[in-house]
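Next come the chains, spelled out residue by residue.
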Amino acid sequence: MAILKLEGLTKTFEGKKGSINALTDINIEIEAGEIFGIIGMSGAGKSTLVRCINLLEKPTSGNVVFDGRELTMLKKKELEKERTKISMIFQQFNLLMQRTALKNVCFPLELSGVPKKEAEKKAKELLALVGLADRAGSYPAQLSGGQKQRVAIARALATDPKVLLCDEATSALDPKTTRAILELLKDINRKLGITIIIITHEMSVVQKICGRVAVIDGGQIAEIGVTSEIFAKPKSEAAKRLVYPDGQMEETFAGGGLLRIVFDGPTSQQPIMANMILEVGEPVNIIYASMQDIDDTAVGQMVIRMPADDDKAGEMIKYLKKNNLKIEEVRE
């Protein structure tokens, strides 16, 4: 069942030089309980889309249907009530510096009129959930970036939301801390069943946590689908820029005869390339190789330069297909 539907969503801003289309005909359906990614480069329209999802920015046209209700049709008080079910965490944490971690988490509960003792009890439980039970009395200045984000996550969970929007939530963190925060979000998703929407420009973040992803480019959805499938065979130019090494495969690897090979699941653990070279009797030049986890599955990619001999190249392609490898010719 869909928790969020964006139907024909369009946002136009009026400027001195005329109209600017920030979003055009966005159609996305997100299922309850899934971890969904929205990825795009800077200026693609991600920030505007986030603000339209929770109606901080009213769409010019189109519908935002959350939990069966059309948000754009609600009156102010009804909309404010629905917004409490859509929490957000941000790149810069947005904690109140004069409040302890405990009091930061209590803040949205205070605004909702929850009694002090009840609010503190819940805040302590949430700090324990994010692994900060022992830092309840610490102020933000005494916490690391990862700890600040954990407090922000606990605060976002205080109102028992159905959806958690994560707007570039790991961009200010180092790789190790990023992995820890993403693991925490996966754990929260499993334990609480909260739908998580990750907005990012980093493909590695989407690969680590998202089951499905929408690629946004120029204010439009360029591609949408299962993360592993988009990684294996991106169709749009926008997705290719995000998936391919350095984002610019054609420029980085000039010349012909290039083949991209994707390894997933069992094939990622087998010496297929070494066996292929032995069987065909012809070496290959490995241009690029990487391995990562996508939705808890080991997935890798390799770009090789094929032999100039067409017969040998054909034998290699036949071998790779026989072993159920996903292959894709890289064209200039």
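(A) A look at helix α4 (residues 116-129). Over its 14 residues, α4 runs 20 Å from end to end, which matches the ideal 20 Å to within 8%, given 1.5 Å per residue. When α4 is considered as a whole, its buried residues turn out to be Ala119, Glu120, Ala123, Leu126 and Leu127. Buried residues along α4 cover an arc of 125 degrees about the axis, so they all sit on one side. Exposed and oriented more than 90 degrees from the buried face of α4 are Lys117 and Lys121. In this structure, the buried residues of α4 make contact with α3 (101-111) and α5 (145-157). Positive phi appears at Gly131, one or two residues downstream of α4, with a value of about 85 degrees.

(B) Representation of the packing of helix α11 (residues 272-280) against helix α12 (residues 310-322) in the model. Where α11 meets α12, the axes come as close as 10 Å, and the angle between the chain directions of the two elements is 140 degrees. Between α11 and α12, the angle is such that the two are oblique. Note that α11 runs across α12; the crossing there is right-handed. On the side of α11, the interface is formed by Ile272, Met273, Asn275, Met276, Glu279 and Val280, while α12 contributes Lys312, Glu315, Met316, Tyr319, Leu320 and Lys322.

(C) Highlighting the nonpolar core. Formed by 54 residues in total, the largest nonpolar core has its most connected members in Leu127, Ile153, Leu185 and Ile198. With six residues, α5 is the largest single contributor of residues to this core. Apart from the residues lying within four places of it in its own chain, the contact partners of Ile153 are Ile89, Val130, Ile181, Leu184, Leu185 and Ile188. Listed in part, the 29 residues of the second largest apolar core include Ile28, Leu71, Ile86 and Ile216.

(D) View of a negative patch on the surface. Judged by side-chain charge, Asp309, Asp310, Asp311 and Glu315 come together as a negatively charged surface patch. By the secondary structure assignment, Asp309 is in the loop between β13 (297-305) and α12. What makes Asp309 partly exposed here is its relative accessible area of 39%.

(E) View of the environment of Ala101. One can find Ala101 in helix α3. A sequence separation of 42 residues divides Ala101 from Leu143, and the C-alpha atoms of the two residues are 9.1 Å apart. Residues in contact with Ala101, not counting those within four places in the same chain, are Leu127, Arg135, Ala136, Ser138 and Val151.

(F) Region of the structure containing the pattern of salt bridges. Taken as a whole, this structure holds 16 salt bridges when the rule is applied. When the shortest N-O distance is used, the salt bridge between Lys11 and Glu57 registers 3.7 Å. Taken together, the residues Lys11 in strand β1 (residues 2-15) and Glu57 in the loop between α1 (46-53) and β4 (61-66) connect sequence positions 46 residues apart. Where Glu82 meets Lys85, a salt bridge forms, and the shortest distance between an N and an O atom there is 3.4 Å. The buried category is assigned to Glu82, whose relative accessible area is 3%. Owing to a relative accessible area of 23%, Lys85 belongs among the partly exposed residues under this scheme.

(G) Spatial organisation of unusual backbone geometry. With a phi angle near 60 degrees, Leu55 is a residue other than glycine that sits in the positive phi range. With respect to the element layout, Leu55 can be found in the loop between α1 and β4. Even without being a glycine, Asn94 presents a positive backbone phi close to 55 degrees. Following the sequence through the fold, Asn94 ends up in the loop between β6 (86-90) and α3.

(H) Quick peek at the side chain of Lys11. The class of Lys11 is buried, set by a relative accessible area of 9%. In this structure Lys11 touches Ile20, Asn21, Ala22, Leu23, Thr48, Cys52, Glu57, Lys58, Pro59 and Thr60, once residues within four positions along its chain are discounted.

Analysis parameters
Residues numbered from 1 in each chain as written. Predicted model: local features only at pLDDT ≥ 70, side-chain atom pairs only at ≥ 80, totals over all residues. Heavy atoms only, no water. Helix = DSSP H or I, 4+ residues; strand = E, 2+ residues; numbered from the N terminus. Expected span 1.5 Å × (residues − 1). Buried < 20%, exposed > 50% of the residue type's maximum accessible area, 1.4 Å probe, protein only. Arc of directions from axis to C-beta. Contact = heavy atoms within 4.5 Å. Axes fitted to C-alpha atoms, helices over the stretch in contact; angles between N-to-C directions. Parallel < 35°, antiparallel > 145°, perpendicular 65-115°, else oblique. Left-handed = near helix turned anticlockwise from the far one by under 90°. Core = buried A, V, L, I, M, F, W, Y, C linked by side-chain atoms within 4.5 Å. Patch = residues over 30% accessible without salt bridge, like charges linked within 9 Å, V, L, I, M, F, W, Y side chains within 5 Å. Areas by Shrake-Rupley, 256 points an atom, 1.4 Å probe, with all protein chains shown as cover. Salt bridge = Lys/Arg side-chain N within 4 Å of Asp/Glu carboxyl O. Lys, Arg positive; Asp, Glu negative; His and termini not counted. Charge placed at Lys NZ, Arg CZ, Asp CG, Glu CD.

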